[in-house]
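# Residue-level structure breakdown
Chain by chain, the residues run as shown.
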Amino acid sequence: MVGNTGVLGNKVLYHKVNYAKHFLIVDGAINELIRPALYQAYHEIRPAEQKEEAPVEVDVVGPVCETGDSFAHNRLLPQLESGDYLAVMNVGAYGFVSASNYNSRPRAPEILVDEDRTRLIRRRESFQDFMGGE
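Residues numbered from 1 in each chain as written. Predicted model: local features only at pLDDT ≥ 70, side-chain atom pairs only at ≥ 80, totals over all residues. Heavy atoms only, no water.

### Regarding the sheet that holds strand E1 (residues 7-18)
The condition that has to hold: Paired strands are those between which DSSP finds at least two bridges. The numbering of helices and of strands both runs from the N terminus, where a helix is a DSSP run of H or I of at least 4 residues and a strand a run of E of at least 2. Where helices are involved, their axes are fitted lines through C-alpha atoms of the stretch in contact, as for all axes, and angles between N-to-C directions lie from 0 to 180°.
Strand order in this open sheet of six strands is E3-E6-E1-E2-E4-E5, and the pairing throughout is mixed. Two strands in the sheet have a free side with no partner beyond their single neighbour: strand E3 (45-47) and strand E5 (70-78). Sheet twist, expressed as the average angle between the axes of neighbouring strands with direction ignored, equals 40 degrees. Pairing of E1 with strand E2 (residues 21-26) involves six bridges; the strand directions are antiparallel. Counted as the bridge partner of Val-17 is His-22 from E2.

### Some thoughts on the pattern of salt bridges
To keep things clear, this is the line we draw: Salt bridges are defined by distance alone: a side-chain nitrogen of Lys or Arg within 4 Å of a carboxyl oxygen of Asp or Glu. The classification of residues rests on relative accessible area computed with a 1.4 Å probe and restricted to protein chains. Under 20% of the type maximum is buried, over 50% is exposed, and intermediate values are partly exposed.
Within the structure shown, the criterion is met by eight salt bridges. The salt bridge partner of Asp-114 is Arg-117, with a shortest N-O separation of 2.9 Å. Overall, Arg-117 belongs to the exposed group, its relative accessible area being 54%.

### Some words on the side chain of Glu-32
As a reminder of what qualifies: Any N or O atom pair separated by 3.5 Å or less is treated as a polar contact, with the protein-specific requirement of one donor-capable and one acceptor-capable atom, and with residues adjacent in sequence counted only for side-chain atom pairs. Only heavy atoms enter the contact rule, under which two residues are in contact if any of them lie within 4.5 Å.
Looking at where Glu-32 falls in the secondary structure, it is placed in the loop between E2 and helix H1 (35-39). For Glu-32, a relative accessible area of 8% puts it in the buried group. Engagement of the side chain of Glu-32 in a polar contact is seen with the backbone nitrogen of Ala-29, the distance being 2.7 Å. Apart from the residues lying within four places of it in its own chain, the contact partners of Glu-32 are Leu-8, Asp-27, Tyr-94, Gly-95, Ala-99, Arg-105, Pro-106 and Ala-108.

### Here we look at the pairing of strand E4 (residues 55-61)
Along E4, five of the seven residues are buried, which leaves the element largely enclosed by surrounding structure. Of the strand pairs in this sheet, E2 and E4 are connected by four bridges, and their pairing is parallel. Note that in E4 the partner of His-22 across the bridge is Val-58.

### Quick word on a nonpolar patch on the surface
Just so we agree on the cut-off: Here the term patch refers to residues with relative accessible area over 30% and no salt bridge, with like charges joined within 9 Å and nonpolar side chains (Val, Leu, Ile, Met, Phe, Trp, Tyr) within 5 Å. The Shrake-Rupley method, run with a 1.4 Å probe, gives the accessible areas here. Residue values count only the displayed protein chains as cover.
Taken together, Leu-38, Tyr-39 and Tyr-94 make up a surface patch of nonpolar side chains, about 310 Å² in accessible area. The topology assignment puts Tyr-94 in the loop between strand E6 (85-89) and strand E7 (110-114).

### So, the side chain of Asp-69
Put simply, the rule reads: The charge count treats Lys and Arg as positive and Asp and Glu as negative. His and the chain ends do not count.
Tracing the backbone through its elements, the reader meets Asp-69 in the loop between E4 and E5. Salt bridges are absent for the buried Asp-69, whose nearest opposite-charge side chain, Arg-105, sits at 6.6 Å. A distance of 2.7 Å separates a polar atom in the side chain of Asp-69 from the backbone nitrogen of Ile-30. Within the local environment of Asp-69, its side chain forms a polar contact with the backbone nitrogen of Val-64, the two atoms lying 2.7 Å apart. Each residue touching Asp-69, except ones within four places of it in the same chain, is listed here: Ala-29, Ile-30, Val-61, Gly-62, Pro-63 and Val-64.

Right, here's the structure in full:
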């Protein structure tokens with residue numbers, strides 16, 4: 001029931017071009033959604049705001065210094081820049097329940113969307129939250 005629900009919101013940190021290859025580095029990472037890294041699971045990725053620009057083929061990657069810190073390879077998305085937002089779709093059954101504090105990253109908050117209302121159902125972890133047991 002939750003597999004086709006849930007969105008992982010990501011902010012674009014920067015758009016990097018390395019030779020002819022384009023990368024969107026986002027603030028989400030492997031610790032929030034590990035499926036693409038583990039077994040190349042496909043998750044649709046949409047810009048939060050529709051843009052009219054011609055699509056660009058990009059890799060959508062996280063900021064953790066791991067080769068596998070990737071959400072998608074060779075996806076056609078509109079031209080996006082720092083500060084734009086992306087939605088990684090259908091992460092409901094695989095997002096928070098599989099999340100970790102890998103690389104000392106706090107887990108993301110969870111927000112319930114009910115028609116035109118939103119409600120925080122789990123706050124973002126603080127550094128003290130995940131270091132408390134040390």
